[in-house]
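Geometric and topological summary
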Number of protein chains: 2
Amino acid sequence: MNYAKRFRVEPGSKVDLSRVDASFKDRHESHTQALPEIERDRDRLRELQYRMYAEGKRSLLICLQGRDAAGKDGTIKHVLGAMNPQGCRVTGFKVPSAEEAGHDFLWRYHKAAPARGQVAIFNRSHYEDVLVVRVHDLVSKTVWSKRYAQINAFERMLHENGTHILKFYLHIDPEEQLARFKQRLDDPARHWKISDGDYAERPYWDEYTAAFEDALSQCSTDQAPWFIIPANHKWFRNLAIARIVAETLESLDMRFPEPSVDIAEIRKKYHALVDAEGQGGRSEPGEHHHKGQ
Amino acid sequence: MNYAKRFRVEPGSKVDLSRVDASFKDRHESHTQALPEIERDRDRLRELQYRMYAEGKRSLLICLQGRDAAGKDGTIKHVLGAMNPQGCRVTGFKVPSAEEAGHDFLWRYHKAAPARGQVAIFNRSHYEDVLVVRVHDLVSKTVWSKRYAQINAFERMLHENGTHILKFYLHIDPEEQLARFKQRLDDPARHWKISDGDYAERPYWDEYTAAFEDALSQCSTDQAPWFIIPANHKWFRNLAIARIVAETLESLDMRFPEPSVDIAEIRKKYHALVDAEGQGGRSEPGEHHHKGQ
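Below is a summary of the structure that appears in this document.

Conventions adopted
Residues numbered from 1 in each chain as written. Chains lettered and ligands numbered in written order. Predicted model: local features only at pLDDT ≥ 70, side-chain atom pairs only at ≥ 80, totals over all residues. Heavy atoms only, no water. Helix = DSSP H or I, 4+ residues; strand = E, 2+ residues; numbered from the N terminus. Buried < 20%, exposed > 50% of the residue type's maximum accessible area, 1.4 Å probe, protein only. Contact = heavy atoms within 4.5 Å. Lys, Arg positive; Asp, Glu negative; His and termini not counted. Charge placed at Lys NZ, Arg CZ, Asp CG, Glu CD. Pairing = 2+ DSSP bridges. Buried area = accessible area lost by both parts, 1.4 Å probe. Salt bridge = Lys/Arg side-chain N within 4 Å of Asp/Glu carboxyl O. Polar contact = N/O pair within 3.5 Å; in protein donor to acceptor, adjacent residues only side chain to side chain. Nonpolar A, V, L, I, M, F, W, Y, C, P; charged D, E, K, R; others polar. Axes fitted to C-alpha atoms, helices over the stretch in contact; angles between N-to-C directions.

Moving on, we come to the overall build of chain A. Secondary structure assignment for chain A yields 14 helices and 5 strands. If you line up chain A on its principal axes, its C-alpha atoms span 75 × 40 × 40 Å. With 293 residues in all, chain A has 54% of them scored as buried. Intrachain contacts of chain A at a sequence separation of at least 6 include 81% that bridge at least 24 residues. One way to put it: in chain A the 44 positive side-chain charges average out to a point 1 Å from where the 44 negative ones average out.

Written out as structure tokens, the structure is:
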């Protein structure tokens with residue numbers, strides 16, 4: 001199954017989350033059964049990220065959104081963490097600092113956008129400014145209602161300047177969220193991160209649903225599509241996201257740049273006389289052709 | 001063998017790199033034989049990084065220095081990349097931008113210092129300002145000679161504010177460097193990154209040696225030690241660095257914070273009536289206890 005096609009929000013369509021099965025798992029039965037496919041896609045991610053880095057022309061921005069316990073952290077740990085940290089930067093967005101709040105809402109996200117050849121992962125993103133901000137009336141409707149178009153213009157600009165954008169909404173049921181909160185209670189190593197606040201957003205479940213639906217409907221575009229990922233099964237979420245990111249990168253058809261020098265020339269110039277060279281240092285050469293470290 | 005002890009530059013001692021065996025590999029025979037130990041330490045790194053993140057009090061700064069092809073990138077890919085990118089940020093330092101050059105030399109490094117709970121990896125570091133800058137006379141001796149004390153004061157300040165610092169000099173022979181350059185020539189997928197410039201620093205081998213020796217001698221302190229890592233064998237380099245980082249983190253004796261709430265209370269308040277709750281969403285619960293994703 002083509003997950004990118006299946007889970008992509010068609011630009012211009014109206015999203016109704018109650019019609020999306022959060023427990024969908026395609027033809028797979030279990031984590032164990034899906035694992036080889038996840039592993040294969042993690043390997044592709046690594047390889048493709050290296051090509052993106054080598055090519056140095058384009059970049060990738062991945063936005064992760066979802067309710068508490070939807071699996072944003074887990075996706076980073078189990079899927080996106082496969083990439084080399086040298087070419088991949090994660091930025092988590094929490095309550096804005098005073099300096100951030102002093103600027104337009106997109107300022108802090110723009111600062112964290114990926115450089116050419118790099119991957120940026122946003123753990124929560126500029127969409128918070130039409131989600132929590134809207135649900136809790138942190139700004140007036142006049143302000144937040146203009147943001148959908150502002151976000152689309154921002155993302156279009158990024159895309160036109162070489163940044164590919166993938167946005168994932170991790171879709172879980174309220175029952176699944178509660179079960180995950182409970183799992184934390186049952187695991188002493190996770191007690192430190194439990195707070196009463198975890199539960200504080202649950203009474204607003206429907207308001208969040210409406211806010212997510214608007215963001216997904218108004219801001220899924222050809223240049224920055226939203227994907228609704230069934231995420232009740234963590235492993236299926238991992239499988240789907242790994243697949244979609246890998247296939248997107250593959251579709252970019254990235255090439256290693258042509259050498260900037262004449263390789264034969266370099267070989268002749270510097271390696272013809274290796275034995276005659278002997279500058280400095282000690283004459284105790286290591287094992288020179290240790291492959292596949 | 002205690003690698004931290006063996007490879008650490010004793011504060012106040014005078015380093016003579018010609019006396020350090022770059023091909024040292026301890027009791028290990030091969031990569032294959034060392035691999036289980038490397039894997040075990042990578043696992044420890046992941047676990048300890050999570051504790052550092054949970055504790056949220058201290059941070060870790062790892063500086064990687066070494067000549068071209070010494071293995072800085074490889075160390076990140078094969079060792080430090082084991083850490084969760086959410087808590088670990090790599091910053092590579094190249095020629096300063098105009099804005100960076102407009103500030104004191106430590107400004108751009110300070111900006112990239114790790115937040116509490118985080119790990120920062122510097123691929124090249126503030127030491128460049130007493131290495132390449134010194135070798136190529138980019139500033140006068142009056143300027144660079146003061147930097148050793150400035151660096152020590154900077155690192156002491158970081159340490160006193162909770163940042164643990166580990167600095168690794170990856171030690172290779174000139175023969176090994178040349179062999180690695182040649183390997184790139186033999187691998188078409190790496191031709192794109194070959195330049196004449198790779199070879200341009202080789203005539204300055206001895207000048208760099210002197211500059212490294214001064215930095216290692218003057219700036220190895222109890223709060224920010226230097227380690228000279230034998231790096232002709234890539235796998236031994238990986239083994240030694242993984243071990244030293246893991247043991248350092250372990251010595252910090254990091255603890256999960258105490259829960260900020262009464263867990264029993266939370267359980268009673270939110271989970272006693274799960275079945276009665278049934279807010280919003282669809283009634284198709286996922287598989288709730290998928291462990292070990």
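Turning our eyes to something else, we now look at the pairing of strand 4 (residues 163–171) of chain A. Residue and element names in this part refer to chain A. Of all 9 residues that make up strand 4, 9 are buried, and the element is covered over most of its length. Side chains Thr-163, Ile-165, Lys-167, Tyr-169 and His-171 of strand 4 all project onto a buried face; the interleaved residues His-164, Leu-166, Phe-168 and Leu-170 project onto the opposite face, where all are buried too. Across 8 bridges, strand 1 (residues 59–66) lies against strand 4 in parallel orientation. Opposite Leu-64, over in strand 4, you have Phe-168 as the bridge partner. In terms of strand pairing, strand 4 meets strand 5 (residues 226–230) through 5 bridges, oriented parallel. Bridge pairing in strand 5 links His-171 to Pro-230.

With that settled, the discussion passes to the interface of chain A and chain B. At the junction of the two partners, chain A supplies 81 residues and chain B supplies 81 residues. Buried surface at the junction of chain A and chain B, both sides included, amounts to about 7200 Å², of which 52% is carbon and sulfur. The tally of links from chain A across to chain B stands at 4 salt bridges. Note that Lys269(A) is salt-bridged to Asp196(B), the shortest N-O span being 3.2 Å. Across the chain A-chain B interface, the total number found is 20 residue pairs in polar contact (both at pLDDT 80 or more). Contributing elements (two or more residues each) for the side of chain A that touches chain B: helix 2 (31–55), helix 3 (72–78), strand 2 (88–92), helix 9 (174–185), helix 11 (205–218), helix 12 (234–251), helix 13 (263–271) and helix 14 (274–277) of chain A. When residues in the side of chain A that touches chain B are grouped by element, the largest group, 10 residues, is from helix 9 of chain A. Classifying every residue of the side of chain A that touches chain B gives 29 nonpolar, 28 polar and 24 charged.

The subject of this paragraph is the side chain of Thr248(A). In this fold, Thr248(A) is placed in helix 12. At 2.7 Å, the side chain of Thr248(A) forms a polar contact with the backbone oxygen of Ile244(A).

A word on the sheet that holds strand 3 (residues 119–123) of chain A. All names here are of chain A. Pairing is parallel in the open sheet, where 5 strands are placed in the order 2-3-1-4-5. With one partner strand each, in any of the chains shown, strand 2 and strand 5 form the two edges of the open sheet. Going from strand to strand, the sheet's axes swing by 20° on average, the running direction of each strand aside. In this fold helix 8 (residues 147–160) packs onto strand 1 and strand 4, with an angle of close to 135° to the strand it touches most, strand 4.

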